[in-house]
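Fold and contact review
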Amino acid sequence: MRSSTLGERYAKALLSIGVERGIDEQLGRELERVAELFVLDDVRLLFQNPKFNTQLRKTVLAELLSVVTVSPVCRNFLFLLVDRNRIANLVEIVSAYKELADKHTGRLRARVRVAKPLSESNMERLRAVLQNATGKKVLVVQEEDPSIVAGIVTHIGGRVFDGS
């Protein structure tokens, strides 16, 4: 099974549970916090290396979850991933979850690259313009990019608007 299909399948299952219980947004935030730990080389390697058995992985995951508090639904989901030897795909599952949750709620994510951070009022104006243009709720994430001299480059819905 292709990894993207695998991530989407698990994400879809968790999203349906979250929607049913009214905690889909919370689950997304919890998954993102846990996935941030998987960026650390030691953690990622432990869960990817087949020489470490399931019990050791569960023990380490329990320790990680004592630091990053998550709901019982998220906790059970993560342990299921360990049992099914899919925990190494967590980052991909989280990415698929965010896409599916955005589609479910009718929201878009915009990534804007700017030379200097935008003020809160400018962020609100940009968000309003993007929402009017797309007809959807827009979440805006800004990134500083020193290669941009002035202006803004916006990535939204697979399109790029270069106003730099």
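Before reading on, note that the structure itself is shown above.
Everything in this summary refers to the structure shown in the same document. Note that the structure is a prediction, hence the values are computed from the model and not measured.

What counts and what doesn't
Residues numbered from 1 in each chain as written. Predicted model: local features only at pLDDT ≥ 70, side-chain atom pairs only at ≥ 80, totals over all residues. Heavy atoms only, no water. Pairing = 2+ DSSP bridges. Helix = DSSP H or I, 4+ residues; strand = E, 2+ residues; numbered from the N terminus. Phe/Tyr/Trp six-rings, centres within 6.5 Å; stacked < 30°, edge-to-face > 60°. Buried < 20%, exposed > 50% of the residue type's maximum accessible area, 1.4 Å probe, protein only. Expected span 1.5 Å × (residues − 1). Arc of directions from axis to C-beta. Salt bridge = Lys/Arg side-chain N within 4 Å of Asp/Glu carboxyl O.

What follows is about the pairing of strand S2 (residues 137–144). With eight bridges connecting them, strand S1 (residues 107–114) and S2 associate as parallel partners. Bridge pairing in S2 links Arg 109 to Leu 139.

Looking now at unusual backbone geometry. At Asn 85, a position not held by glycine, the phi torsion is positive, near 60°. Among the structural elements, Asn 85 can be located in the loop between helix H5 (72–83) and helix H6 (90–105).

Enumeration over the complete set of coordinates arrives at two aromatic pairs. Judged by centre distance (6.5 Å) and plane angle (65°), the ring pair of Tyr 10 and Phe 77 falls under edge-to-face. Highlighted residues: Tyr 10 in helix H1 (residues 3–21) and Phe 77 in helix H5, separated in sequence by 67 residues. In this structure, Tyr 10 and Phe 77 share a single accessibility class: buried.

Spanning 14 residues, helix H2 (residues 24–37) covers 21 Å between terminal C-alpha atoms, matching the ideal 20 Å at 1.5 Å per step. Three or more residues of H2 are buried, namely Asp 24, Leu 27, Gly 28, Glu 30, Leu 31, Val 34, Ala 35 and Leu 37. Projection of H2 onto a plane perpendicular to its axis shows the buried side chains occupying an angular sector of 165°, all on one side.

Let's shift gears to the pattern of salt bridges. Within this structure, the stated rule accounts for 10 salt bridges. Here Lys 12 makes a salt bridge to Glu 8, at a shortest N to O gap of 3.7 Å. Here Lys 12 and its partner Glu 8 are both found in helix H1, four residues apart, which amounts to about one turn of the helix. Across the pair Glu 124 and Arg 127 runs a salt bridge, and its minimum N-O distance is 2.3 Å. You can see Glu 124 and its partner Arg 127 sitting in helix H7 (residues 120–134), three residues apart, about one turn around the helix. According to the relative accessible area criterion, Glu 124 is partly exposed, its value standing at 42%. Take Arg 127: its relative accessible area is 18%, and that puts it in the buried class. Beyond isolated ion pairs, a larger network of salt bridges with shared partners links Glu 25, Asp 102, Arg 107 and Arg 109.

Just geometry here; none of it tells us what the structure is for.
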